[in-house]
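A closer look at the structure
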Amino acid sequence: MKTVKSIASKYGLMLLVPIVGFLVLCIAFQGTVSMKNVPSLLKQAVAPAILGWGVLFNMKVGNWDFSVGSVVLLSAIVGGNLAIILGLGMPGMMVLCILVALIAGAVVGLVYYLLKIPTIITSIGILLIYESISAYVFNGSGVYLPSDWKLFNSISLMIIAIVAAVAAHLLFYKSKIGYNVRAVGNNAVVAAANGLDVYKVKVIAIALAGLFAGVYASVSLGSSGVQKIVGSMGSMGTCFDAMMCVFVGMSITRKGNLIAGIYCGSLVMQLVKLCLMALGFPSEYNSIVISIFVLFFMSLDACTNGTSVRRKASTQKIKTSA
């Protein structure tokens, strides 16, 4: 009985929110939203969740890295074109995208480590540089995979998602890196006092975000076959989508697994987009509505955490007085 209660307390809310949300949409938009939408929703939630798992390391450690979207852009264009030139096929494309993204993420971290300026400033500067490089290399044509290359199907995406989820879980919960990230995120001053190099941990978190950005780039390119160039901070939207998945995931995950919670958060965001589409809402305003939705979850999480802190303080005060 205790085991059932423990599982329910850890995973009940993160599962309940997307399920209830979907049922509400089915009732509200009968004939438009139905069980037929489930496979596509599950598939569409994969890529943002993968990027969200990388962004989790950044956000947990206190980094505000807005360059992640430009890392995706650069790695897809460079990795995809190199795979075409070298004739490496889809497996080679995946490896090159991940390798380029890891290097690009490491460069962001190195610049931050050397300059010791806030990550938000560093990442925006690097974002502009990466977008410019992406628009310049390979004659600014982006990347188009050959028509004879077989794009990823649902089974391929499921396998990639499972591998990425297991890797994220092991890195975040079972490795020294994950322990250090969580230690710095909980209290950087205490972590430094215990011998941790806070800057180094933040650099590793940025590099890990780059690693998952490469996986995201390979999934996105392998599913669509195309990656066009963007400019004027257009890649930042990709970063915001991942951050929203993390915010929502953290809000609906209490003592449960954050990796699973972020995927559920990605599902929630897909439901919001589906709702807006069913309402015929202009697509240019989607970001505004989604941002308001995320702020609601952040406020809910802050209120819950605040109540929890006050309860702990009250309990400690009672024990002290006793």
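This text follows the structure it describes.
Being a predicted model, the structure only gives us computed values, none of them experimental. (Residues numbered from 1 in each chain as written. Predicted model: local features only at pLDDT ≥ 70, side-chain atom pairs only at ≥ 80, totals over all residues. Heavy atoms only, no water.)

Side note on the overall build of the chain
- When helices and strands are tallied, the chain shows 13 helices and 2 strands.
- Expressed as a percentage of its 322 residues, the buried residues of the chain come to 44%.
- A fraction of 80% describes how many contacts in the chain between residues 6 or more apart in sequence connect residues 24 or more apart. (Helix = DSSP H or I, 4+ residues; strand = E, 2+ residues; numbered from the N terminus. Buried < 20%, exposed > 50% of the residue type's maximum accessible area, 1.4 Å probe, protein only. Contact = heavy atoms within 4.5 Å.)

Observations regarding the nonpolar core
- Among the nonpolar cores identified, the biggest contains 77 residues, and Ile50, Leu51, Trp53, Val55 and Met93 are the most heavily contacted of them.
- Look past the residues within four positions of leucine 51 in its chain and what remains in contact with it is Val68, Val72, Phe212, Ala213, Tyr216, Thr238 and Ala242.
- Listed in part, the 8 residues of the second largest apolar core include Phe22, Leu25, Phe29 and Leu274. (Core = buried A, V, L, I, M, F, W, Y, C linked by side-chain atoms within 4.5 Å.)

Some remarks on helix H5 (residues 89-115)
- The first and last C-alpha atoms of H5 sit 39 Å apart over 27 residues, in line with the 39 Å expected at 1.5 Å per residue.
- Following H5 by one or two positions, lysine 116 has its phi on the positive side, about 55 degrees. (Expected span 1.5 Å × (residues − 1).)

Regarding helix H8 (residues 176-186)
- Those residues of H8 not exposed but buried are Gly178, Asn180, Val181 and Val184. What you see down the axis of H8 is that its buried residues fit within an arc of 160 degrees, all on one side. In this structure, H8 carries Lys176, Tyr179 and Asn186 as exposed residues pointing more than 90 degrees from its buried face. (Arc of directions from axis to C-beta.)

Notes on unusual backbone geometry
- Phi is positive for phenylalanine 138, close to 55 degrees, though the residue is something other than glycine.
- For phenylalanine 138, a relative accessible area of 28% corresponds to the partly exposed category.
- Even without being glycine, methionine 233 reaches a positive phi, approximately 60 degrees.
- Its location among the elements puts methionine 233 in the loop between strand S2 (226-227) and helix H11 (236-252).

A look at the packing of helix H3 (residues 46-61) against H11
- For the pair H3 and H11, the least separation of the axes is 8 Å and the interaxial angle reads 75 degrees. It follows from the interaxial angle that H3 and H11 lie roughly perpendicular. In contact with Pro48, Leu51, Gly52, Val55, Leu56 and Met59 of H3, H11 contributes Thr238, Ala242, Met243, Cys245, Val246, Phe247 and Met250.
- Classifying every residue of the contact of H3 with H11 by side-chain character gives 11 nonpolar, 2 polar and no charged. (Axes fitted to C-alpha atoms, helices over the stretch in contact; angles between N-to-C directions. Parallel < 35°, antiparallel > 145°, perpendicular 65-115°, else oblique. Nonpolar A, V, L, I, M, F, W, Y, C, P; charged D, E, K, R; others polar.)

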